[in-house]
Amino acid sequence: MKAFYTNNNGLVEIPKWTSNCWIHIESPTESDKNYLLEELQVPEAFYNDIEDIDERPRIEIEDGWTLIIMRIPIKSGDVKIPFHTVPLGIIFKDDICVTISFYKTEIIKDFVAYSQRKNIEIEDNFNLVLRLLLSSSVWYLKYLKQINQKIKLAEDNLEKSIKNEELQALLQIEKCFVFFITSLKANDVLFQRIKNLKAHKASYDPELLEDVEIELNQAQDTANIYNNILTGMMDAYASVISNNMNNIMKQMTSISIILMIPTLIASLYGMNVPNGLEESKYGIWILLLISIILSSFGVFLFKRRRWF
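Not measured: the values here are computed from a predicted model. (Residues numbered from 1 in each chain as written. Predicted model: local features only at pLDDT ≥ 70, side-chain atom pairs only at ≥ 80, totals over all residues. Heavy atoms only, no water.)

J.: What exactly am I supposed to notice about the pattern of salt bridges here?
T.: Oppositely charged side chains can form a pair if their charged atoms are brought close together. According to the stated counting rule, one finds five salt bridges in the structure shown. Between Glu55 and Arg58 there is a salt bridge; the shortest N-O distance is 2.2 Å. (Salt bridge = Lys/Arg side-chain N within 4 Å of Asp/Glu carboxyl O.)

Right, dumping it as structure tokens:
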């Protein structure tokens, strides 16, 4: 899907390309690829780099073209990993500026709508990059709040009964935190590189730089806090499961000892040695009574927890 935007009291979509407009391509088709590579002459290596889902955030310049890759959060359709991060590429040269995402994302539509509400004008290409970094940090925070709700739901379910499904849900959420924390750190490194570019340093809006830095730091801190809470919670439940297993083993050991008493008495009586009961017609009943008494006493001690 291809869309063109230009400044008009915020970003406004236009039907076709004009000089200095912003082109956004999401989930590019073959015709979109041909448009980029043949009409706009975008380097194919840049296009392939953005297509790689594991591509790290960076800035690269080649033949007058500038490539900036940042990682943005998305809500994936995968139940096992509900949230993920993907690369968003910004490619620009002279009056051409293109952003490419091979995955559907809510960030761009929200970014355009926000610019219209606040009448934000995009001053230049690096201004667009910084504002996209700011928007992505805000969306990291939004998704982190949703992840925290999933943690609370799993915690409520675990309080009722510890099942594999709830523990697996926490493991899936932990994977989301790994993706978020790693991507946010990489975005922060990218931001510091952009911030310190000597050729553009004087043209940056100081307030915008401060906003981006604050949101990035807040997103990183929030992700780390939630991840630490989740790690502590999983360690606590692991201890509970281990303690429950120990209690079960104690009970099984106690039951085994109790069942061993009648077997021991019967074994002693069955030995081929005089025991005083071999001629008694009440011998079997006496042994049975002794076994019942001793076993009952063992059960009594087991219930009173005096065995361990």
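J.: How should helix α2 (residues 44-51) be read in this particular structure?
T.: Note on helix geometry: an α-helix contains 3.6 residues per turn, so any two residues three or four positions apart are oriented the same way. Within α2 the residues assigned to the buried category are Phe46, Tyr47 and Ile50. Projection of α2 onto a plane perpendicular to its axis shows the buried side chains occupying an angular sector of 100°, all on one side. Packing partners of the buried residues in α2 comprise α1 (30-39), β4 (58-62), β5 (65-75), β6 (83-93) and β7 (96-101). (Buried < 20%, exposed > 50% of the residue type's maximum accessible area, 1.4 Å probe, protein only. Helix = DSSP H or I, 4+ residues; strand = E, 2+ residues; numbered from the N terminus. Arc of directions from axis to C-beta. Contact = heavy atoms within 4.5 Å.)

J.: Explain the pairing of β6 here, please?
T.: In the case of a regular strand, side chains alternate between the two sheet surfaces. Burial runs high along β6: ten of the eleven residues are buried. Pairing between β5 and β6: ten bridges, direction antiparallel. Residue Met70 lies in a different strand from β6, and its bridge partner there is Leu88. Across five bridges, the pairing between β6 and β7 is antiparallel. When the bridges of β7 are listed, Ile91 appears paired with Val98. Linking two consecutive strands that pair antiparallel, namely β6 and β7, is a turn of two residues; a positive phi of about 55° is found at Asp94 within it. (Pairing = 2+ DSSP bridges.)

J.: What am I meant to see in the packing of aromatic side chains here?
T.: For any pair of aromatic rings, geometry is given as the distance between the ring centres together with the angle between the planes. Taken as a whole and assessed by the stated rule, the structure comprises nine aromatic pairs. With centroids separated by 5.2 Å and ring planes inclined at 70°, the aromatic side chains of Tyr47 and Phe102 adopt a geometry described as edge-to-face. Taken as a pair, Tyr47 in helix α2 and Phe102 in the loop between β7 and α3 (107-118) lie far apart in primary sequence, 55 residues in all. The class of Tyr47 is buried, set by a relative accessible area of 4%. (Phe/Tyr/Trp six-rings, centres within 6.5 Å; stacked < 30°, edge-to-face > 60°.)

J.: Explanation requested: the sheet that holds strand β2 (residues 11-14) in the structure shown.
T.: Either a parallel or an antiparallel arrangement is found when strands of a sheet pair, and the pairing is made through backbone hydrogen bonds. Spatial strand order, β2-β1-β3-β7-β6-β5-β4: seven strands in an open sheet with mixed pairing. The strands lining the two open edges of the sheet, one partner per strand, are β2 and β4. The sheet shows a mean angle of 25° between the axes of neighbouring strands, direction not considered. With four bridges connecting them, strand β1 (residues 2-7) and strand β3 (residues 22-26) associate as antiparallel partners. Each residue of the ladder has a partner; that of Tyr5, found in β3, is Trp22. Strand contacts of α3: β1, β2, β3 and β5, with the helix running at about 115° to β2, the strand carrying the most contacts. (Axes fitted to C-alpha atoms, helices over the stretch in contact; angles between N-to-C directions.)

J.: Where do I start with the nonpolar core in this structure?
T.: Side chains that are nonpolar tend, in soluble globular proteins, to be buried together. Trp22, Ile68, Met70 and Ile194 are the most contacted members of the largest nonpolar core, which has 58 residues in total. The set of elements that each furnish at least two residues to this core consists of β1, β5, β6, α3, α4 (125-160), α5 (164-195) and α6 (206-269). Per-element accounting of this core gives the leading share, 15 residues, to α4. With near-sequence residues (within four places) excluded, Met70 lies in contact with Pro57, Val86, Pro87, Leu88, Ile90, Val129, Leu132, Leu133, Ser136, Asn187 and Leu190. Tyr35, Tyr47, Leu67 and Ile100 belong to the second largest nonpolar core, which has 21 residues in total. (Core = buried A, V, L, I, M, F, W, Y, C linked by side-chain atoms within 4.5 Å.)

J.: Help me understand the environment of Asn227 in this model?
T.: Of note, Asn227 is situated in helix α6. Given a relative accessible area of 18%, Asn227 falls into the buried group. Counting along the chain gives 53 residues from Asn227 to Glu174, while the straight-line C-alpha distance between them is 7.0 Å. With residues near it in sequence (within four places) discarded, Asn227 still touches Glu174, Phe177 and Ile181.

J.: Sorry if this is basic, but what is going on with α3 here?
T.: For α3, with twelve residues, the first-to-last C-alpha span of 16 Å sits near the 16 Å given by 1.5 Å per residue. Ile107, Ile108, Phe111, Val112 and Ser115 are the residues of α3 that are buried. Angular distribution of buried residues about the axis of α3 spans 130°; they occupy a single face of the element. Across α3 from its buried face, at more than 90 degrees, point the exposed residues Lys109 and Arg117. Positive phi appears at Asn119, one or two residues downstream of α3, with a value of about 55°. (Expected span 1.5 Å × (residues − 1).)

J.: What should I look at first to understand a nonpolar patch on the surface in this one?
T.: Together, Ile248, Met252, Ile255 and Leu259 give the surface a local cluster of nonpolar side chains, amounting to about 390 Å² of exposed area. Tracing the chain through its elements places Ile255 in helix α6. The exposure class assigned to Ile255 is partly exposed, which follows from its relative accessible area of 39%. (Patch = residues over 30% accessible without salt bridge, like charges linked within 9 Å, V, L, I, M, F, W, Y side chains within 5 Å. Areas by Shrake-Rupley, 256 points an atom, 1.4 Å probe, with all protein chains shown as cover.)

J.: When you look at the environment of Lys195 in this model, what are you seeing that I'm missing?
T.: Relative to the assigned elements, Lys195 resides in helix α5. Spatially, the C-alpha atom of Lys195 lies 7.6 Å from that of Leu209, the residues being 14 residues apart in sequence. Within the local environment of Lys195, its side chain forms a polar contact with the side chain of Glu213, the two groups lying 3.3 Å apart. (Polar contact = N/O pair within 3.5 Å; in protein donor to acceptor, adjacent residues only side chain to side chain.)

By themselves, these figures tell us nothing about what the structure is for.
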